[in-house]
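# Report on the structure
Here's the letter readout for the chains.
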Amino acid sequence: MDILDIIRQRQSARVPFDRERPVPAEHMRQILEGARWTPTAHNMQNFEIVVVDDRKLLDAIANIETETSEVFVRENYEQLSFSEEELKKKKVGLLGLMFPPSWRTPGKKPVLDEAHAHSILGEMIRATAALLVVVYDPRRRAPASEGDVLGMISLGCAMENMWLVASSLGVGFHIQSVLSGERVEGEVKKLLGIAEPLKIGFAVRLGYPLSDPKYLRVRRDIEDFVHHNRFGSKGI
Ligand SMILES: Cc1cc2nc3c(=O)[nH]c(=O)nc-3n(C[C@H](O)[C@H](O)[C@H](O)COP(=O)(O)O)c2cc1C
């Protein structure tokens, strides 16, 4: 397949996966080979990856209680579109329908209601064939990189490399940022034996979607974000 076709068809698979259908070992290896060849700042290769496919562990992670923050609900609301037309016009952000009604009523301050404040990670992690947990050591950093921004970008490169390989193999891929959130991270680390001071950079659900994961995906046009020679001189 053409590289741009793979890039364009890569998408978030925010649907349950078949938990009885494992990712074949050969495909898992290819996804990890993608991680292996990640470009990283200073070639630090600043990640370790825990592949979790043990049902008991996955279920234990699924049972961890999450806590949505007011900040998330507020900042999420600010970036939502309330109709497909609005999203197509804006070309950035997400459609409100993905979130509970109390977080996405147009013109109404979003409320972190009790029903959704402590949602359990549950459904999505339970409906997963495997989970990749990408770990890094915050004591190391790319040379002279304030806040290790370059190290974080490098983790993003690992994410994309694995995502593209998974996508080309027809394996569903869904980032779970909640696993690196303060409270959840500690519990996941305990379950997986990830020692302090290591941190979870990101986690990914992998598997075969039980329903069509396609949804309205939008992007800006090249002319919207490219500046020619001088910032502000839009276009190629
Ligand atoms: C660093 C990072 C964190 C993300 N965290 C989440 C997440 O926690 N949950 C989720 O459903 N998608 C998450 N995503 C996926 C983005 O929302 C998604 O890539 C974006 O909306 C574009 O959609 P697409 O992946 O279908 O093209 C994350 C993506 C990145 C790069």
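Scroll up a little and you will see the structure.
Just so we're clear, the structure is a prediction, and the values are computed from it rather than from any experiment.

Criteria and cut-off values
Residues numbered from 1 in each chain as written. Predicted model: local features only at pLDDT ≥ 70, side-chain atom pairs only at ≥ 80, totals over all residues. Heavy atoms only, no water. Phe/Tyr/Trp six-rings, centres within 6.5 Å; stacked < 30°, edge-to-face > 60°. Buried < 20%, exposed > 50% of the residue type's maximum accessible area, 1.4 Å probe, protein only. Lys NZ or Arg CZ within 6 Å of the ring centre and 35° of its normal. Helix = DSSP H or I, 4+ residues; strand = E, 2+ residues; numbered from the N terminus. Contact = heavy atoms within 4.5 Å.

## Brief notes about the packing of aromatic side chains
Under the definition given, this model contains four aromatic pairs. Ring plane angle 55° and centroid distance 5.6 Å describe the contact between Tyr77 and Phe82, whose orientation is recorded as tilted. Given the relative accessible area of 17%, Tyr77 is considered buried. Among the residues examined, Phe82 registers a relative accessible area of 32% and is labelled partly exposed. When the ring of Phe99 is compared with that of Trp103, the centres are 6.3 Å apart and the planes differ by 20°; the resulting orientation is stacked. Classification of Trp103 by relative accessible area gives buried; the value is 6%. An aromatic cluster of at least three residues, connected via ring pairs, comprises Phe72, Phe99 and Trp103. It is Arg21 that lies over the ring of Tyr208; its NZ or CZ is 3.6 Å from the centre. In this arrangement the basic side chain of Arg205 is found over the ring face of Phe17, its NZ or CZ atom lying 3.9 Å from the centre.

## Re the environment of Arg55
For Arg55, the location among the structural elements is in helix H3 (residues 55–62). In the structure, Arg55 is positioned 75 residues away from Ala130 in sequence and 8.7 Å away in space, judged by C-alpha atoms. Non-local contacts of Arg55, meaning those with residues more than four positions away in its chain, are made with Arg19, Ile125, Arg126 and Thr128.

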